[in-house]
Amino acid sequence: MLSRRRRAFHLRRVMLAAGLWMKLRKRRRCAPTSRQDSENPLLTATKKGSDETMDVEDVMDGAPSDDNFEPPQPRGPVRSRKPPTRKPGEEGDTLPSGPKPRKIQLLRSVFEGRPPVVLFSYTQACCAEQRPLDRAVPADEDGPRMFYSHTDAIHQYNAVINILRHGGLYRVRAETNRWTVLWSLHPTPEQLQRFSPVQRANHFPGSYHLGRKDLIWRNLAKMQQRFGKEYQITPQGYILPKAFLAWDAARLRQSDALWIWKPCSQSCGRGITVLSSDVPEEQLRDLAKKRGIIQRYIPNPLLIGGRKFDMRIYVVVLSYDPLKVFINDEGLVRFATELYSDAVETLQSRMMHLTNYSVNKQNPAFVQNLDGQGEEEKEDAGVDEAGQPKASKWSLKELRIHFARESLDFDALWEAMKDLVIKTLISVEEPLKADWCKTLGIEDGGWSARGPGGAHRGSCFEIYGFDILVDRSLKPWLLEVNICPSLSSGSPLDKRIKTKLVADVLTLVGVHPPAALWKLSPESVHWPASGNVSPSDDNEAAAGCLISEDEMRKRALKLVLGTLFLVQDQLYLAGQSPQEAVSLFDEVAWELVVEAHDQEMRSGGLEMAFPCPNGSRYVQYWGEESYCNLVLRKWQEAGGDAIFRSKKLPPWVPRQVCFSKT
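What counts and what doesn't
Residues numbered from 1 in each chain as written. Predicted model: local features only at pLDDT ≥ 70, side-chain atom pairs only at ≥ 80, totals over all residues. Heavy atoms only, no water. Phe/Tyr/Trp six-rings, centres within 6.5 Å; stacked < 30°, edge-to-face > 60°. Helix = DSSP H or I, 4+ residues; strand = E, 2+ residues; numbered from the N terminus. Buried < 20%, exposed > 50% of the residue type's maximum accessible area, 1.4 Å probe, protein only. Axes fitted to C-alpha atoms, helices over the stretch in contact; angles between N-to-C directions. Parallel < 35°, antiparallel > 145°, perpendicular 65-115°, else oblique. Contact = heavy atoms within 4.5 Å. Pairing = 2+ DSSP bridges. Right-handed = clockwise from strand over helix to strand, strands pointing away. Expected span 1.5 Å × (residues − 1). pLDDT = per-residue confidence, 0-100. Polar contact = N/O pair within 3.5 Å; in protein donor to acceptor, adjacent residues only side chain to side chain. Left-handed = near helix turned anticlockwise from the far one by under 90°. Nonpolar A, V, L, I, M, F, W, Y, C, P; charged D, E, K, R; others polar. Core = buried A, V, L, I, M, F, W, Y, C linked by side-chain atoms within 4.5 Å.

### Side note on the packing of aromatic side chains
Next up, step 1: For the coordinates displayed, the defined rule picks out 22 aromatic pairs.
Next up, step 2: With a centroid separation of 5.3 Å and 75° between ring planes, the pair formed by Trp-179 and Phe-195 is classed as edge-to-face. A residue pair is termed long-range when its members are at least 10 positions apart, and Trp-179 in the loop between β5 (169-171) and β6 (181-183) and Phe-195 in the loop between α4 (189-194) and β7 (200-201) qualify at 16 residues. Like Phe-195, Trp-179 is buried.
Next up, step 3: Taken together, a centroid distance of 5.9 Å and an interplanar angle of 10° make the contact between Tyr-320 and Trp-447 stacked. Separated by 127 residues along the polypeptide, Tyr-320 in strand β13 (residues 307-320) and Trp-447 in the loop between α13 (429-440) and β17 (462-470) bring together distant segments of the chain. The pair formed by Tyr-320 and Trp-447 is uniform in burial state, with each residue classed as buried.
Next up, step 4: Among the aromatic residues, ring-to-ring pairing joins Phe-227, Tyr-231, Phe-610, Tyr-618, Tyr-621 and Trp-622 into one connected group.

Here it is as structure tokens:
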């Protein structure tokens, strides 16, 4: 009898607990979710890895919160959510409450027979001029959802979150592995080995070789030793404390030189010190123990209104083999808030010698750039009657206008900065390749190494913030590279440039939707295909990613030898003929070319810096030019996109049917 009562009592407790849990679940579903952004710890916390702190002005653009939607159940990569079949307005029927489901827009390829990608258009709140949408088509509303994951390991910027939501994606946890886009720190070996071919992450493994000031100097110094003045793109440096004696000797030889000491892995101007060659003994003893890098301070910076400035150039890398580099047409010009002087007694003035936004925004003289939204003036650019900049930040467009006014050649400077960016990325390609293989657990696989789930050389992309200073001879100097550049919207100018940048990058990367989204669309996302073209598999990477390193070398040798043979017979100048090399391309080579051109045609405000028509000048900087880089170089030298207007292409090359860039 007693045991029966105990069992009954236990059963009652279980039922009560279950009933209470159901009530709490219902309340949680029905509870209002409109919370102030200031109460959301994910929006107010400052994460390690960003180079600027979040501003009060960095507010949400009104995009619906992900809390309004039930978390997806783990039933595979996507799950269809069809609306009820009953028509609203019938007797006993009520209209659904809550936010509307997010709509996905697709961007058609410029080639026939190739699947579309997700189009990330600009939000209205960022006030950027919308990109052309003539190739955009709506996805099937009854199709499956698409997901992204933004982890807490990195600062949550509204420019990123708003664009992902505006693009129609829903947020899930990273461990579900149901996302298509992962926005976090560097992917771990466990994550990368689970990647499917269509998943994308916003960091390459090992990109700290660019972000750490000591490592990037070490890579550039190796190239300087090999190529001399051609690689003098950053000031001479010494990694302390190991190279303290070498720097001390240089300091004594150059008694009138100025120096700048930086911590290896800090940002926002933290810990930076400007020194003269006459350093007190006590400070010398401290420098001999501290880990950091000390570099020559550029003594003759170009000034505007007597103020020092530098440029934040946004660089996007889609892959390192082949090297695909895009540079945003808009960047930030950041002014120091005190008039410049190279006098020794002014070296402690951080707001004179440092141009970091995090440093200068503390000065009451700092002026926000309203990006033409001010009531009194439509333009914040330019200088006032005293020759001082009207705002403490400019856009690159405003700097171009100033250069034209002062009869300075901005186009030549832009080409020099592109050259600087390409050389910097080539210098770190080898250590990044080693980290790629290490992360996948495959030795000597090169960039052809693939993960068990399908990760390939195009699975990652990255946005870099190149900080560049210009001297009075208009020579650009690399100061540092930020692998987690701030995307904070602290002013209307920042909001427009950074929101547009994120949207352009995500469209450029090519987020491939599941076939159910575009095969059932009300409008066909394919251009009329000819009979000799078969649609590509949207779940596979580019064909070039499937080839082994040995096969790549064989194909490269075939191209080189074939071209040299033609040179010997026909005596072409420069020893090579790009046109004849293109005639040797097979299906894999053409897939590389078609993919590269398709990406450029959806690059928005991003300019393709590499591959480029003069790419042969960079061949010497690689120990061995890879097959992929060779193919794209020959394509560019043979005319680039003009080749697709020819009627003599092989039958397996898809026909380009749209020539308007989006």
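Additional details are given in the paragraphs that follow.
### Remarks on helix α3 (residues 158-166)
Next up, step 1: Counting buried positions along α3 gives 8 out of 9 residues, so the element sits mostly inside the fold.
Next up, step 2: Among all positions in α3, only Asn-158, Ala-159, Val-160, Ile-161, Asn-162, Ile-163, Leu-164 and Arg-165 are buried.
Next up, step 3: Once α3 finishes, Gly-168 follows within two positions and takes phi at roughly 100°, a positive value.

### Considering the packing of helix α11 (residues 396-405) against helix α12 (residues 410-427)
Next up, step 1: Contact geometry of α11 with α12 gives a least axis separation of 9 Å together with a crossing angle of 135°. The angle between α11 and α12 places the two elements in the oblique class. From α11, Leu-396, Leu-399, Arg-400 and Phe-403 reach across to α12, where they touch Phe-410, Asp-411, Leu-413 and Trp-414.

### Things to note about the pairing of strand β18 (residues 476-482)
Next up, step 1: Among the 7 residues that make up β18, 6 are buried, leaving the element largely enclosed by the rest of the structure.
Next up, step 2: Two strands pair when backbone bridges link them, and β17 and β18 are joined in this way by 6 bridges, in the antiparallel orientation. Directly across from Phe-466, in β18, lies its bridge partner Val-481.
Next up, step 3: The hairpin turn running from β17 into β18, its antiparallel successor, is 5 residues long, and Leu-474 in that turn takes a positive phi close to 65°.

### Let's talk about the sheet that holds β7
Next up, step 1: With parallel pairing, 4 strands are arranged side by side in an open sheet as β5-β4-β6-β7. With partners counted over all chains shown, the strands left at the sheet margins are β5 and β7, one partner each.
Next up, step 2: Strand direction decides the pairing type here: strand β4 (residues 146-150) and β6, joined by 3 bridges, are parallel. Note on β6: the bridge partner recorded for His-150 is Trp-183.
Next up, step 3: Of the strands in this sheet, β4, β5 and β6 touch α3, which is tilted by about 170° from β4.

### Examining the pairing of β4
Next up, step 1: Among the 5 residues of β4, 5 are classified as buried, and the element is accordingly described as predominantly covered.
Next up, step 2: Of the two faces of β4, the one carrying Met-146, Tyr-148 and His-150 and the one carrying Phe-147 and Ser-149 are both buried.
Next up, step 3: Relative to β5, β4 runs parallel, the two sharing 3 bridges. Bridge pairing links Tyr-148 to Arg-171 in β5.
Next up, step 4: Once you follow β4 into α3 and on to β5, the crossover reads as right-handed.

### Topic: helix α18 (residues 587-600)
Next up, step 1: In a regular helix each residue adds 1.5 Å, so 14 residues correspond to 20 Å; α18 covers 20 Å between its end C-alpha atoms and thus fits that length.
Next up, step 2: Within α18, 12 of the 14 residues are buried, leaving the element largely enclosed by the surrounding structure.
Next up, step 3: If you check which residues of α18 are buried, you get Val-588, Ala-589, Trp-590, Glu-591, Leu-592, Val-593, Val-594, Glu-595, Ala-596, His-597, Asp-598 and Gln-599.

### A word on the confidence of the model for the chain
Next up, step 1: Overall, the predicted model of the chain reaches an average pLDDT of 81, with 75% of residues at or above 70.
Next up, step 2: Of the regions scoring below 50 in pLDDT, residues 67-97 engages in 45 contacts with residues more than four places distant in sequence or in other chains.
Next up, step 3: Low pLDDT (under 50) marks residues 559-575, which in the prediction has 23 contacts with non-local residues, meaning those over four places away or in another chain.

### Let's talk about the side chain of His-353
Next up, step 1: Counting through the fold element by element, His-353 comes out in helix α9 (residues 350-353).
Next up, step 2: Using a relative accessible area of 2% as the deciding quantity, one classes His-353 as buried.
Next up, step 3: Separated by 2.7 Å, the side chains of His-353 and Tyr-297 make a polar contact.
Next up, step 4: A polar atom in the side chain of His-353 sits 3.1 Å from the backbone oxygen of Thr-346.
Next up, step 5: Ignoring anything within four residues of it in the chain, the contact list for His-353 reads Val-274, Tyr-297, Lys-308, Tyr-340, Ser-341, Thr-346 and Leu-347.

### Quick notes on the packing of α18 against helix α19 (residues 627-637)
Next up, step 1: Two numbers describe how α18 lies on α19: the axes approach to 10 Å, and their chain directions differ by 65°. In terms of their interaxial angle, α18 and α19 are classed as roughly perpendicular. Taken as a pair, α18 and α19 cross one another with a handedness that is right-handed. Residues Val-588, Ala-589, Leu-592, Val-593, Ala-596 and His-597 of α18 touch α19, and the partners they reach there are Tyr-627, Cys-628, Val-631, Leu-632 and Trp-635.
Next up, step 2: Counted by class, the contact of α18 with α19 contains 10 nonpolar, 1 polar and no charged residues.

### Some points on the sheet that holds strand β1 (residues 105-107)
To summarise the sheet geometry, strands pair through backbone hydrogen bonds and adopt either a parallel or an antiparallel arrangement.
Next up, step 1: Spatially, 3 strands are ordered β2-β1-β3 in an open sheet, and the strand pairing comes out antiparallel. Looking at which strands have only one partner, the edges of the open sheet turn out to be β2 (117-119) and β3 (136-138). Sheet twist, expressed as the mean angle between neighbouring strand axes with direction ignored, is 45°.

### A short note on the nonpolar core
General note: in soluble globular proteins, nonpolar side chains tend to be found buried as a group.
Next up, step 1: Grouped together as the largest cluster of nonpolar side chains are 109 residues, with contacts concentrated most on Met-311, Val-315, Tyr-320, Leu-399, Leu-425, Tyr-464 and Phe-466.
Next up, step 2: Residues within four places of Phe-466 in sequence aside, it is in contact with Met-311, Arg-312, Ile-313, Val-315, Leu-420, Val-421, Thr-424, Leu-425, Leu-478, Glu-480 and Val-481.
Next up, step 3: Judged by nonpolar contacts, the second largest core, of 22 residues, contains Val-110, Ala-596, Val-653 and Cys-658.

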